[in-house]
Amino acid sequence: MRWGDSMGLLRVGRVGVAVAAAGAVLVGCMPWQGEEPQDKKDAGVAAAAKASAAAAGQAALLKTRLATAAKVHANELGQIPVLMYHRVVDKPATQDDRTPQQFRTELERLAREDYVPITAAEYVTGRIDIPAGRHPVVLTFDDSSPSQFDLDGMGAPKPQTAVAILQEVAQRHPGFRPVATFYVTRDMFGKTTPEEQAQMLMWLRDKGFDIGNHTRDHQSLRGKPEKQVSSEVAAGHQLITKLLNTNPVTLALPYGNQPTKKEWGRKGAAGDVSYDYGGVFLAGYTPAMSPFNKKFDPDGIPRIRSMDKTGDCVKFCSTAWLDWLKANGDERYTSDGDAKTVAFPKFKTPFVVKRYTDRVLAY
């Protein structure tokens with residue numbers, strides 16, 4: 001071999017060694033086929049740990065919620081008193097009238113017994129957001145009487161009206177919400193001009209009160225054809241929407257009289273006005289069912305006439321029914337304090353409305 005050839009071989013050999021070394025380095029740095037890089041492994045471990053922590057947190061939260069529900073004996077499938085009022089006057093002229101003192105006394109009782117007022121709209125739509133251990137009550141006023149609500153020259157409720165008394169009681173009892181539902185007619189609290197009427201409804205809405213339909217002319221719907229029922233309900237609906245630009249959510253039937261087919265009051269149309277209510281209220285008799293309970297009937301929700309235990313009210317008016325609910329606390333709606341859940345003892349599970357099953361908290 002010549003010297004030049006030997007030098008060439010040497011150079012080739014060195015290059016081969018270098019390539020081999022580089023190959024070894026590359027092989028050492030690359031993962032085996034199918035194996036994830038370490039950074040991806042670390043990310044997967046972190047994600048799994050995060051998911052595990054989140055699951056543990058959810059489990060702890062559920063345990064806490066169940067404990068709270070059990071502690072307060074939550075029963076959100078229970079009964080709710082919907083109280084019906086008309087005039088609040090010093091000298092009652094009918095069995096539906098209450099004096100300011102009688103009205104105040106009843107509100108004070110409700111506050112002492114852990115009731116929290118909610119509106120009829122909140123009730124029928126299931127938006128019952130009250131503290132744990134408390135009970136909802138719906139205060140309703142029919143016929144839009146000036147004794148229920150009027151304003152002084154400074155825009156404050158006039159003394160001795162129902163709204164003023166409700167606000168006074170709420171101030172003395174923190175947590176007792178000063179809200180109610182007013183079922184209005186064309187009388188509209190004694191106001192005659194659209195501006196005055198709109199002023200009244202806007203004040204109530206802005207303070208958290210609820211405006212419901214009581215038909216414009218307060219004519220009984222019993223026995224009337226569907227077209228006439230729809231016309232009278234639609235007229236009341238339009239009366240409110242023109243003044244307030246807000247659709248009412250509920251209807252209170254004049255005199256509590258249902259039409260031939262009770263669903264006509266809840267859903268219908270007349271001309272270019274259509275309505276589809278979350279609930280239709282009757283005139284009296286018993287507490288109402290929870291909106292989460294299969295026994296809830298949106299076409300005919302009972303109310304309780306406000307009255308002491310006298311005459312036919314010994315069993316079927318507000319004082320009697322509040323006594324009964326107090327004595328039968330397991331039948332009354334009691335909140336777990338979480339508006340996103342529907343809490344109740346497990347054995348009541350068959351009664352929950354299907355569309356609320358994703359909110360169930362059964363203990």
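Here, the structure is the one placed above.
Moving on, we get to the overall build of the protein. A count of helical and extended segments in the protein gives 10 helices and 14 strands. The globule rule puts the C-alpha radius of gyration for 363 residues at 21 Å, and the 34 Å found for the protein is more than 25% above it. If one aligns the C-alpha atoms of the protein with their principal axes, the spans along those axes are about 135 × 50 × 45 Å. By residue count, 46% of the 363 residues in the protein fall in the buried class. In the protein, of all internal contacts separated by at least 6 residues, the share reaching a separation of at least 24 is 68%.

Moving on, we get to unusual backbone geometry. In the Ramachandran plot, S144 falls in the positive-phi region, its phi being about 45° despite a non-glycine side chain. With respect to the secondary-structure elements, S144 resides in the loop between β4 (135-142) and α5 (162-172). Given a relative accessible area of 2%, S144 falls into the buried group. One non-glycine residue with positive phi stands out, namely F189, at about 60°. Note on placement: F189 falls in the loop between β5 (181-184) and α6 (194-206). Accessibility expressed as a relative area gives 1% for F189, which makes it buried.

All right, on to the pairing of strand β8 (residues 267-270) then. With 4 bridges joining them, β8 and strand β9 (residues 273-276) adopt antiparallel strand pairing. Note on β9: the bridge partner recorded for A270 is V273. The antiparallel hairpin formed by β8 and β9 contains 2 residues in its connecting segment, where G271 sits at a positive phi of about 65°.

Further remarks concern the environment of D96. As for its placement among the helices and strands, D96 is situated in the loop between β2 (82-85) and α3 (100-112). With relative accessibility at 23%, the residue D96 sits in the partly exposed group. In this structure, the C-alpha to C-alpha distance between D96 and Y85, residues 11 residues apart in sequence, is 6.9 Å.

Moving on to the side chain of D142. As for its placement among the helices and strands, D142 is situated in strand β4. The class for D142 is buried, based on a relative accessible area of 3%. Here D142 is in contact with M84, Y85, H86, Q148, Y183, H214, A252 and R303, once residues within four sequence places are set aside.

With respect to the secondary-structure elements, Q160 resides in the loop between β4 and α5. Overall, Q160 belongs to the partly exposed group, its relative accessible area being 39%. Sequence-wise, Q160 and T99 are 61 residues apart; in three dimensions their C-alpha atoms are separated by 9.2 Å. Beyond its immediate sequence surroundings of up to four residues, Q160 is in contact with V88, P100, R104, S147 and I165. Side chain to side chain, Q160 and R104 meet in a polar contact 3.3 Å long.

Moving on, we get to the nonpolar core. Formed by 40 residues in total, the largest nonpolar core has its most connected members in L107, L110, L139, F182, F189 and L204. Mapped onto this core, the elements with two or more residues apiece are β2, α3, β4, α5, β5, α6, α7 (226-244) and α10 (318-327). Broken down by element, this core gets its largest block of residues, 6 residues, from α5. Ignoring anything within four residues of it in the chain, the contact list for L110 reads L83, Y115, V137, L139, F176 and L322. One finds I130, A252, Y333 and V353 within the second-largest nonpolar core, a separate group that totals 24 residues.

Conventions we followed
Residues numbered from 1 in each chain as written. Predicted model: local features only at pLDDT ≥ 70, side-chain atom pairs only at ≥ 80, totals over all residues. Heavy atoms only, no water. Helix = DSSP H or I, 4+ residues; strand = E, 2+ residues; numbered from the N terminus. Rg over C-alpha atoms; globule rule 2.2 N^0.38 Å. Buried < 20%, exposed > 50% of the residue type's maximum accessible area, 1.4 Å probe, protein only. Contact = heavy atoms within 4.5 Å. Pairing = 2+ DSSP bridges. Polar contact = N/O pair within 3.5 Å; in protein donor to acceptor, adjacent residues only side chain to side chain. Core = buried A, V, L, I, M, F, W, Y, C linked by side-chain atoms within 4.5 Å.

Read these as spatial facts, not as claims about activity.
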